[in-house]
Amino acid sequence: QCCNNPGASLHSFKHSSISVDPTIGLRYRGGKSEQVELKQMITDPPILRIRRNFERPSPDTVAALRSAATGHLVDAMGGAGALDWRIKPLGDSAAFCGVAITCDAGPADNLAVFGALEAAKPGDVIIVATTGHRAAGVIGDLVAGMARNCGAVAFVTDGTVRDSAGLQAVGLPI
């Protein structure tokens, strides 16, 4: 049955006012929806390479860096490692320090994120590049919970995130 009408069924329910165009999506902004053109997903996905055995800094080195100011570290590295000014913490995220586990996620693809989760060790920071793709969230509360359960201390991305209330409830700095 359909629509709480005993005489209606899913087979007789007509969708005459609904049309689907796979190249058009909806974006909600300011309580209103607007149509937006969707980008193509990856048609020829890259091979996922995971480096599990790389040289990690000693725990003493990580501990020594924990109290250093980020600006001082960036200056000491000749400006390398500074984040794009648009990357901001979600909510009242705490400061963090750890070994960076980096990955490059293609448009609307989170396979590399799962590879990073598999490679992460307690105390690591998962860093995900999305090469400017903004049409799909790279992390939500479920993936953040998985990262926390792997022992990650933070998740950093230049992409979009979803489930902001759930992300904050997980307690992992995003």
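Everything here concerns the structure above.
These lines cover the structure that appears in this document, whether it is placed above or below.

The rules behind each value
- The residue numbering used here restarts from 1 in each chain and proceeds along that chain's sequence as written.
- Local features in this predicted model are restricted to residues of pLDDT 70 or higher, and side-chain atom pairs are both shown and tallied only at a pLDDT of 80 or more, whereas totals for entire chains, interfaces and linings draw on every residue.
- Hydrogens and waters are ignored; side-chain quantities use all the structure's heavy atoms.
- When a residue's accessible area, from a 1.4 Å probe over protein chains only, is under 20% of the maximum for its type it is buried; when over 50% it is exposed; and in between it is partly exposed.
- Counting from the N terminus, the helices are the DSSP runs of H or I reaching at least four residues and the strands are the DSSP runs of E reaching at least two.
- Residues count as neighbours in contact if any of their non-hydrogen atoms are within 4.5 Å of one another.
- Nine residue types can take part in a nonpolar core, namely buried Ala, Val, Leu, Ile, Met, Phe, Trp, Tyr and Cys, and a core is a set of them joined through side-chain atoms within 4.5 Å.
- Two N or O atoms count as a polar contact when they lie within 3.5 Å, although within protein this holds only if one can serve as hydrogen donor and the other as acceptor, and sequence-adjacent residues are included solely when both atoms are side-chain atoms.
- Cavities and pockets are defined on a 1 Å grid built over the protein atoms alone: a cavity is a set of grid points where a 1.4 Å probe fits but cannot escape, while a pocket is an open set with protein on both sides within 12 Å along at least five of seven lines, and lining residues are those with an atom within 4 Å of any such point.
- Grid points are joined across faces, edges and corners, and a volume is the space filled by probe spheres set on the points.
- Each residue gets one of three labels, nonpolar for Ala, Val, Leu, Ile, Met, Phe, Trp, Tyr, Cys and Pro, charged for Asp, Glu, Lys and Arg, and polar for the others, Gly among them.
- Here, a strand pair is defined by DSSP locating no fewer than two bridges between the strands.
- Orientation is described by axes fitted as lines to C-alpha atoms, over the contacting stretch for helices, and by angles from 0 to 180 degrees between their N-to-C directions.
- Note on angle classes: values under 35 degrees are labelled roughly parallel, values over 145 roughly antiparallel, values of 65 to 115 roughly perpendicular, and the remainder oblique.
- Handedness of a helix crossing follows the sense of rotation of the near helix relative to the far helix, less than a right angle counterclockwise being left-handed and clockwise being right-handed.
- Only residues above 30% relative accessible area that lack a salt bridge enter a patch, with like-charged residues linked at up to 9 Å and the nonpolar side chains Val, Leu, Ile, Met, Phe, Trp and Tyr linked at up to 5 Å.
- The accessible surface values rely on the Shrake-Rupley method and a 1.4 Å probe; as for residues, cover is taken only from the protein chains in view.
- Salt bridges are defined by distance alone: a side-chain nitrogen of Lys or Arg within 4 Å of a carboxyl oxygen of Asp or Glu.

Topic: helix 4 (residues 141-150)
Because an α-helix packs 3.6 residues into every turn, residues spaced three or four apart end up facing the same way.
Stage number 1. Within helix 4 the residues assigned to the buried category are Val 143, Ala 144, Gly 145 and Ala 147.
Stage number 2. Here the buried face of helix 4 lies against helix 3 (111-119), strand 4 (125-129), strand 5 (137-139) and helix 5 (164-170).
Stage number 3. Count one or two residues on from helix 4 and you reach Gly 151, which has phi positive near 100 degrees.

Observations regarding the nonpolar core
Stage number 1. Counting 21 residues, the largest nonpolar core has Val 113, Ile 126, Val 128, Val 138, Ile 139, Phe 155 and Ile 174 as its most contacted members.
Stage number 2. Counting only elements with at least two residues in this core, the list comes to strand 3 (100-104), helix 3, strand 4, strand 5, helix 4 and helix 5.
Stage number 3. Not counting residues within four places of it along the chain, the set of residues in contact with Val 138 comprises Ala 105, Val 113, Val 128, Thr 130, Phe 155, Thr 157 and Thr 160.

Some words on the environment of Thr 160
Stage number 1. Along the polypeptide, Thr 160 turns up in strand 7 (residues 160-161).
Stage number 2. Taking C-alpha positions, Thr 160 is 4.7 Å from Gly 137, a pair spaced 23 residues apart along the chain.
Stage number 3. Apart from the residues within four sequence positions on either side, Thr 160 is in contact with Arg 134, Ala 136, Gly 137, Val 138 and Ile 139.
Stage number 4. For Thr 160, the side chain forms a polar contact with the main-chain oxygen of Ala 136, separated by 2.9 Å.

Points about the layout of surface pockets
Regions of empty space are outlined by a rolling probe, equal in size to a water molecule, passed over the atoms.
Stage number 1. In this structure, the largest pocket encloses a volume near 1200 Å³.
Stage number 2. If you go around the largest pocket, you meet 33 residues; those closest to its centre are Thr 70, Gly 81, Leu 83, Phe 96 and Val 156.
Stage number 3. Elements with a contribution of two residues or more to the lining of the largest pocket: helix 1 (59-66), helix 2 (70-76), strand 4 and strand 6 (154-157).
Stage number 4. Split by residue class, the lining of the largest pocket holds 24 nonpolar, 6 polar and 3 charged.

Regarding the sheet that holds strand 3
Stage number 1. Taken in spatial order, the 3 strands line up as 3-4-6 in an open sheet, and their pairing is parallel. Edge positions in the open sheet fall to strand 3 and strand 6, since each of these has one partner strand only. Sheet twist, expressed as the mean angle between neighbouring strand axes with direction ignored, is 20 degrees.
Stage number 2. Pairing of strand 4 with strand 6, which is carried by 4 bridges, proceeds in the parallel orientation. Pairing of Ile 127 across the sheet is with Val 156, part of strand 6.
Stage number 3. Helix 3 contacts strand 3, strand 4 and strand 6 of the sheet and is inclined by roughly 160 degrees relative to strand 3.

Thoughts on the packing of helix 3 against helix 4
Stage number 1. Between helix 3 and helix 4, the least distance of the axes is 9 Å, while the angle of their chain directions is 20 degrees. Overall, the two elements helix 3 and helix 4 adopt an arrangement that is roughly parallel. For the pair helix 3 and helix 4, the sense of crossing is left-handed. Together, Val 113, Phe 114 and Leu 117 of helix 3 and Val 143, Met 146, Ala 147 and Cys 150 of helix 4 make up the contact between the two elements.
Stage number 2. Split into classes, the residues belonging to the contact of helix 3 with helix 4 amount to 7 nonpolar, no polar and no charged.

Some details on a nonpolar patch on the surface
Stage number 1. On the surface, a cluster of nonpolar side chains totalling about 230 Å² of accessible area is made up of Leu 48, Ile 50 and Leu 111.
Stage number 2. Of note, Ile 50 is situated in the loop between strand 2 (32-37) and helix 1.

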